[in-house]
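If you want the building blocks of each chain, they are given just below.
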Amino acid sequence: MTGRDTIAAISTPPGIGGIGLIRISGTEAEGIARRLFRTARPIDAFLSHHLYHGEIVAPETGAVLDDVLIAFLRGPHTYTGEDTLEISCHGGPLILRTVLAEVLRAGARPAERGEFTKRAFLNGRLDLSQAEAVFDLISAKTPEGLSAAVDRLKGKLSGRIETIRNAIIDLLAGIEAAIDFAEDDGVVEAPGANLLEFQAVIDDLHALAATYRRGRIIREGIGVVIAGRPNVGKSSLLNRILGEKRAIVTPIPGTTRDFIEETVNIGGIPVRLTDTAGIRPPENAIEKEGIDLVWERLVTTDAILVLLDGSMALTPEDQGLLLQMHAKPMIPVINKSDLPQRLDEALLRGLLPAGTPPAVRISAKYGDGIDRLTAAIHEMILATPAEETPAAMIADLRHKIALERAAECLDRAQDGLRDGLPSELAALEVREALDSLGEITGRTTSEEVLDRIFANFCVGK
Ligand SMILES: Nc1nc2c(ncn2[C@@H]2O[C@H](COP(=O)(O)OP(=O)(O)OP(=O)(O)O)[C@@H](O)[C@H]2O)c(=O)[nH]1
Ligand SMILES: [Mg+2]
């Protein structure tokens, strides 16, 4: 594609590294190579997708800036779809900034965040959901998140959307044929599209929208707070799950004051685990501050582990805390299983809200039961067995809203047809459903939404 100016950026992360890459995209790419690059044997025509060894020379001073490899990639078979130049420099920040400055002087302008990927989208190399997957790929936190992003990049979601789109186009064709038929004959309208087919497409849209919860959790992870009264072993549990001494553990109640937060991979889900101050009537202002924060966090967190000390009877503080647990997914955890047990489990069960999973017995100190606990956390988060991974998943609220809106439009069209309203109205709704799907793949996405999406990217991608 022509008509866009030439952009350039450092595509490798800041700091020192073996190699630093400068990427240039646009019609000036080859000209810039000619102006700055010097080889032992002059090059008549750069062969596309070949590496050349030589020097970057500042044209005005003749100073050699770096010894580099360059690759000239002729569009449209490039990431952006445009002519692209990649200069592999030595990975020093000053080298890269100096070479980039010469590139800009030679005819490029600095790329904005995500602009290479935006061009890939605008030039039809990727659809919008694939372009978004590039971002997910770079920021993936677990192997599962990575593989879901690769699936999206490879077009699994796009393929599924395209299938649904085609089904909707068929529905529309059916309605339009009925309208023509009615006009030709001047009689009452022929029966419209098959209402059963409508329902099948609506169900498909809902099924795909329902993958959002899982997709989002795999991509972004989830927050889990460890709460309980002092000394039950919250910090010991955090350390045990992390496999390192991250939080201070002492026999003195009230040891932890601030939140201690670490991310762990539990069955492929990034879990932000937070150790908190023990809840009890505070003894001083510092402790009160810590406990107030815990109550606030319990409201905003995704899920809670309520930790209890199995070597003691339930205290009024334990009971008070358990009675607060209703609106959130929660697992009761009975710690110190290595000691003689005095906790009354029947009493505990009576305090738990309906639907709470059974208590898990562990010893944070010695590690017993930790596997069972992580399995229980995984199950609580996903609420489905791990193996039921859907073929195509969405992980973006934007996608979920678009799918639901498309389903609503089809619902209204279906109702209208059933109630004998004019087919033209149904056709309008069906077209709107198509537009809504188009927002996922980028067929009908506004410039403003595009800008917002690509602004999440880093410069150089
Ligand atoms: N026997 C036994 N002792 C444990 C176990 N877990 C923790 N402890 C001990 O219980 C005491 C308190 O542990 P912490 O992990 O500091 O407890 P906490 O809940 O973080 O306490 P605060 O920070 O004061 O709220 C320490 O002496 C731990 O060694 C366990 O599984 N078995
Ligand atoms: Mg602690």
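Thresholds, definitions, all that
- Residues numbered from 1 in each chain as written.
- Chains lettered and ligands numbered in written order.
- Predicted model: local features only at pLDDT ≥ 70, side-chain atom pairs only at ≥ 80, totals over all residues.
- Helix = DSSP H or I, 4+ residues; strand = E, 2+ residues; numbered from the N terminus.
- Contact = placed C-beta atoms within 7 Å.
- Domains from an automatic or database assignment.
- Expected span 1.5 Å × (residues − 1).
- Buried ≥ 20, exposed ≤ 12 C-beta atoms within 10 Å, placed from the backbone.
- Near = placed C-beta within 6 Å.
- Nonpolar A, V, L, I, M, F, W, Y, C, P; charged D, E, K, R; others polar.
- Core = buried A, V, L, I, M, F, W, Y, C linked by C-beta atoms within 7 Å.
- Axes fitted to C-alpha atoms, helices over the stretch in contact; angles between N-to-C directions.
- Parallel < 35°, antiparallel > 145°, perpendicular 65-115°, else oblique.
- Left-handed = near helix turned anticlockwise from the far one by under 90°.
- Pairing = 2+ DSSP bridges.

Our next topic: the overall build of the protein chain. Looking only at helices and strands, the protein chain has 16 helices and 13 strands in total. Counting only C-alpha atoms, the protein chain reaches 85 × 85 × 40 Å along its principal axes. Put simply, 69% of the contacts in the protein chain that link residues at least 6 apart link residues at least 24 apart.

Another aspect to go through is the domain arrangement of the protein chain. One can read the domain layout of the protein chain as domain 1 (7–111) and domain 2 (228–272 + 289–366). Relative placement of domain 1 and domain 2: their C-alpha centres are 55 Å apart.

What follows covers helix α14 (residues 397–418). Relative to the 32 Å expected for 22 residues at 1.5 Å per residue, α14 spans 31 Å between its end C-alpha atoms, a close match to the ideal helical length. Among all positions in α14, only His399, Lys400, Ala402, Leu403, Ala406, Ala407, Cys409, Leu410, Ala413, Gln414, Gly416 and Leu417 are buried. On the buried face of α14, the contacting elements are α7 (195–209), α8 (212–220) and α15 (423–441). Immediately beyond the C-terminal end of α14, within one or two residues, lies Gly420, with a positive phi of roughly 75 degrees.

The full set close to ligand 1 counts 24 residues, and Gly233, Ser235, Thr256, Gly278 and Lys365 are the nearest of them. When residues in the shell around ligand 1 are grouped by element, the largest group, 3 residues, is from helix α9 (residues 234–242). A breakdown of the residues in the shell around ligand 1 according to their chemical character gives 8 nonpolar, 12 polar and 4 charged.

Right, let's talk about the nonpolar core for a bit. Ile22, Val306, Val333 and Val430 are the most contacted members of the largest nonpolar core, which has 104 residues in total. The dominant element in this core, judged by the number of residues it contributes, is α14, at 8 residues. In terms of domain composition, this core takes at least three residues from each of domain 1 (7–111) and domain 2 (228–272 + 289–366). Here Val306 is in contact with Ala227, Gly228, Leu321, Leu322, Met325, Met330, Pro332 and Val333, once residues within four sequence places are set aside.

Next up on the list: unusual backbone geometry. With an omega of 5 degrees, the peptide bond running from Gly75 to Pro76 counts as cis. Relative to the helices and strands, Pro76 is located in the loop between β5 (64–73) and β6 (84–91). Even without being glycine, His49 reaches a positive phi, approximately 60 degrees. Secondary-structure assignment places His49 in the loop between β3 (37–38) and β4 (50–57).

We now examine the environment of Gly442. Position of Gly442 relative to the elements: it lies in the loop between α15 and α16 (447–455). Along the primary structure Gly442 and Val333 are separated by 109 residues, whereas in three dimensions their C-alpha atoms are 46 Å apart.

Next up on the list: the packing of helix α4 (residues 128–139) against helix α5 (residues 143–153). Running from amino to carboxyl end, α4 crosses α5 at an angle of 155 degrees, the nearest separation of the two axes being 8 Å. It follows that α4 is roughly antiparallel to α5 by the angle criterion. Seen from above, α4 lies across α5 with left-handed handedness. Residues Ser129, Gln130, Ala133, Val134, Asp136 and Leu137 of α4 lie in contact with α5, whose contacting residues are Leu146, Ala149, Val150, Arg152 and Leu153. Here the residues of the contact of α4 with α5 are counted per class, giving 7 nonpolar, 2 polar and 2 charged.

A few words on the sheet that holds strand β12 (residues 330–335). Strand pairing in a sheet is mediated by backbone hydrogen bonds. Such pairs are either parallel or antiparallel. Pairing within the open sheet is mixed, and its 6 strands lie in the order β9-β10-β8-β11-β12-β13. For this open sheet the edge positions go to β9 (260–266) and β13 (360–361), each flanked by a neighbour on one side alone. One ladder, built from 5 bridges, connects strand β8 (residues 222–227) with strand β10 (residues 269–275); its direction is parallel. Paired with Val224 across the bridge in β10 is Leu273. The strands that α9 touches are β8, β9, β10, β11 (303–309) and β12; relative to β10, the one it contacts most, it runs at about 150 degrees. Contacting β8, β9, β10, β11, β12 and β13, helix α13 (residues 370–382) runs over the sheet at an angle of about 170 degrees to β12.

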